[in-house]
Amino acid sequence: MDGVAASPFDVARIRQDFPILSQPQARGRPLVFLDSGASAQKPRVVIDAMVRCMETAYANVHRGAYRLSELATDAYEAARGATARFLNAADPREIVFTKNSTEAMNLVAHSWGRGVLQPGQAVLISELEHHANIVPWQMLRDDRGNELRVCRVTDAGELDMDDLEAKLADGKVGLVAVAHMSNVLGTVTPVDRIVALAHAHGAKVLLDGSQAAVHRRVDVQAIGCDFYCFTGHKLYGPTGIGVLWARLEHLERMPPFLGGGDMISVVTFEKSEWAPPPAKFEAGTPAIVEAVGLHAAIDYVTAIGMGAIEAHERALVDHATARLAQVPGLTLLGAAQDRGGVFAFGLDAAHPHDLATLLDRAGIAVRAGRHCAEPLHARFGLENGTTRASFGLYTTKDEIDLLAQALTEAREFFK
Ligand SMILES: Cc1ncc(COP(=O)(O)O)c(C=O)c1O
């Protein structure tokens, strides 16, 4: 479906697909939503698919012997198939639905980390990680003693690949777990090189695609990683659903994460036997309506074309890089060669929260704080955090101009 990418990307047309973008706003100004990196807005097709599911085809899945349950089960499994195609997974059984990408990484840390990773093996993350890719490994370290190593980030906000290689050199690292794209710096990490280096040193690779999967076409087979995760609500889908992709051979070796209904084949009071993957990792009633919504979101971005979305966002990145450089007193965090539409910055001495509040008065929604990446902000000496503008497929150059204008005015105000 990437062939659609050849058709011109009509952002004005696309904006009409998102009901919230035409809602009247509190101060009578149009909404300039620059917080898609935190959670993206939803197109009508996603909203409608979820309503239609609840109105016409809703029942619990994998259980009922009646038609409605079969319809719901088919819809839920169709979402798995669409997700597998979206990531170019070899097999739909490699797709595990989770609550979000945080749960996906916790699943790997708890299950693979405790069941497959050996005592004495280390986990290697990086300074640019979201807390979701830090805390589960700290918990594993504190529980099981697996060392946690951290790859440095350069002043430009890129992974220090020499440091990565040095930290792999002793062959003790069992897993490299890094973001495919930073939610603060916008840096897109060199996943091909990371996978090649990690595998050469005997380590598996988990990629946190929470940001990247929204902005670029992801082909897990071409990348060659072992685990990949993303979260539905950033991909224009609903909250409450995320995805863990893992090679089937890993899922087969991994013990379950949660126990309960649906993840077993036999239960007696003496012992239970596990269902094969992915059911082994989907205990309890899953997020059925949310899976239907995610399927609609995947169909939506696929029909537009991930290539076309990436090209649109590259143009936005170039525009924002040039426009923000003209704002007096503004310092951008990171200057990676390969980056996506996430810009974290400081403005002279203005506190990020004050700045975000002022921008809100101009109808511009941005995020302020440390964006669940406290160690990264500490690395750059920014304990107060930053202000962050992040783009989606509906973002326009005009909105970036409005941001630059509002920032210039804000500086005058704070002076
Ligand atoms: C890079 C990255 N990883 C993980 C997450 C966690 O996503 P979720 O809260 O949906 O689990 C986020 C969300 O901001 C993110 O940007």
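About the criteria used
- Residues numbered from 1 in each chain as written.
- Predicted model: local features only at pLDDT ≥ 70, side-chain atom pairs only at ≥ 80, totals over all residues.
- Heavy atoms only, no water.
- Pairing = 2+ DSSP bridges.
- Helix = DSSP H or I, 4+ residues; strand = E, 2+ residues; numbered from the N terminus.
- Axes fitted to C-alpha atoms, helices over the stretch in contact; angles between N-to-C directions.
- Contact = heavy atoms within 4.5 Å.
- Near = heavy atom within 4 Å.
- Polar contact = N/O pair within 3.5 Å; in protein donor to acceptor, adjacent residues only side chain to side chain.
- Areas by Shrake-Rupley, 256 points an atom, 1.4 Å probe, with all protein chains shown as cover.
- Nonpolar A, V, L, I, M, F, W, Y, C, P; charged D, E, K, R; others polar.
- Core = buried A, V, L, I, M, F, W, Y, C linked by side-chain atoms within 4.5 Å.
- Buried < 20%, exposed > 50% of the residue type's maximum accessible area, 1.4 Å probe, protein only.
- Domains from an automatic or database assignment.
- Buried area = accessible area lost by both parts, 1.4 Å probe.
- Salt bridge = Lys/Arg side-chain N within 4 Å of Asp/Glu carboxyl O.
- Parallel < 35°, antiparallel > 145°, perpendicular 65-115°, else oblique.
- Left-handed = near helix turned anticlockwise from the far one by under 90°.
- Phe/Tyr/Trp six-rings, centres within 6.5 Å; stacked < 30°, edge-to-face > 60°.

**A few points about the sheet that holds strand β15 (residues 386-390)**
One open sheet accounts for four strands, arranged β11-β12-β15-β14; its pairing is antiparallel. For this open sheet the edge positions go to β11 (330-332) and β14 (367-369), each flanked by a neighbour on one side alone. Across the sheet, the axes of successive neighbouring strands diverge by a mean angle of 30 degrees, strand direction being ignored. Strands β11 and β12 (342-347) of the sheet are contacted by helix α12 (residues 306-325), whose axis makes an angle of about 10 degrees with β12. Packed onto the sheet, helix α15 (residues 397-414) meets β11, β12 and β15 and runs at close to 15 degrees relative to β12.

**Examining the site of the ligand**
Surrounding the ligand, one finds N100, S101, T102, H130, A132, N183, D208, S210, Q211, T231, H233 and K234. Q211 is positioned such that a nitrogen or oxygen atom in its side chain is 2.7 Å from an oxygen atom of the ligand. Between the ligand and H233, the relevant distance is 2.7 Å, taken from an oxygen atom to a side-chain nitrogen or oxygen of the residue. For the ligand, whose unbound accessible area comes to 390 Å², protein coverage reaches 90%. Counted by class, the shell around the ligand contains one nonpolar, nine polar and two charged residues.

**Quick notes on the nonpolar core**
Within the largest apolar cluster, 72 residues are counted, with the highest numbers of intra-cluster contacts made by L87, V176, Y228 and L393. Counting contributing residues per domain, this core is built from domain 1 (11-42 + 305-414) and domain 2 (49-302), each supplying no fewer than three. Residues within four places of L393 in sequence aside, it is in contact with F9, V11, I14, F18, Y236, Y300, V301, I304, I309, H312 and E313.

**Some points on the pairing of β12**
For β12, the tally of buried residues reaches five of six residues, placing the bulk of the element in the interior. Pairing between β11 and β12: three bridges, direction antiparallel. Each residue of the ladder has a partner; that of L330, found in β12, is L347. For β12 and β15, the ladder comprises four bridges, and the chain directions are antiparallel. Bridging across to β15, F343 finds its partner in A389.

**Let's talk about the sheet that holds strand β2 (residues 95-98)**
Strand order in the open sheet formed by seven strands is β2-β8-β7-β6-β5-β3-β4, with mixed pairing between adjacent strands. Two strands lie at the open edges of the sheet, namely β2 and β4 (148-151), each paired on one side alone. Ignoring strand direction, the axes of neighbouring strands in this sheet form an average angle of 20 degrees. Note: strand β3 (residues 122-126) against β4, four bridges, orientation parallel. Considered in β4, the bridge of S126 is made with C151. Sitting on the sheet, helix α6 (residues 161-168) is in contact with β3, β4 and β5 (173-179), with an inclination near 155 degrees to β4.

**Overview of the domain arrangement of the protein**
Segmenting the protein into domains produces domain 1 (11-42 + 305-414) and domain 2 (49-302). Once you take the C-alpha centre of each, domain 1 and domain 2 turn out to be 28 Å apart. Among the residues of domain 1 in contact with domain 2, M306, L376 and R379 are the three that bury the most area, contributing 21% of the side total. Here domain 1 and domain 2 share four salt bridges between them. Close ionic contact of E127 with R379 constitutes a salt bridge, the shortest N to O distance being 3.4 Å. The interface formed by domain 1 and domain 2 contains 28 residue pairs in polar contact (both at pLDDT 80 or more). Split by residue class, the side of domain 1 that touches domain 2 holds 20 nonpolar, eleven polar and ten charged.

**Topic: the packing of α12 against α15**
The packing of two helices is summarised by the inter-axis angle and the distance between the axes. Look at α12 against α15: their axes get within 10 Å of each other, and the N-to-C directions meet at 20 degrees. Classified by the angle their axes make, α12 and α15 are roughly parallel. For the pair α12 and α15, the crossing hand works out as right-handed. Seen from α12, the contacting residues are A315, L316, H319, A320, R323 and L324; seen from α15, they are K397, I400, D401, L403, A404 and L407. Split by residue class, the contact of α12 with α15 holds eight nonpolar, one polar and three charged.

**Observations regarding the packing of aromatic side chains**
Applying the stated criterion across every chain, the model contains nine aromatic pairs. Each ring, one from F18 and one from Y236, has its centre 5.9 Å from the other, and the planes form 70 degrees; the classification is edge-to-face. Of the two residues, F18 sits in the loop between α1 (11-15) and β1 (32-33) while Y236 sits in the loop between β7 (227-231) and β8 (242-246), which places them 218 residues apart along the sequence. This pair shows no difference in class: F18 is buried, exactly as Y236 is.

**Examining the pattern of salt bridges**
Counted according to the given criterion, the structure contains 23 salt bridges. In this structure, R216 and D338 form a salt bridge, with 2.8 Å as the shortest nitrogen-oxygen distance. Taken together, the residues span a long stretch of sequence, with R216 in the loop between α8 (212-215) and α9 (220-223) and D338 in the loop between β11 and β12 at a distance of 122 residues. On the basis of relative accessible area, R216 is assigned to the buried category, the value being 13%. The exposure class assigned to D338 is partly exposed, which follows from its relative accessible area of 29%.

**A few points about the environment of E147**
Within the element layout of this structure, E147 appears in the loop between α5 (135-144) and β4. With a relative accessible area of 40%, E147 lands in the partly exposed category. When neighbours within four sequence positions are excluded, E147 is seen to be in contact with Q121, A122 and V123.

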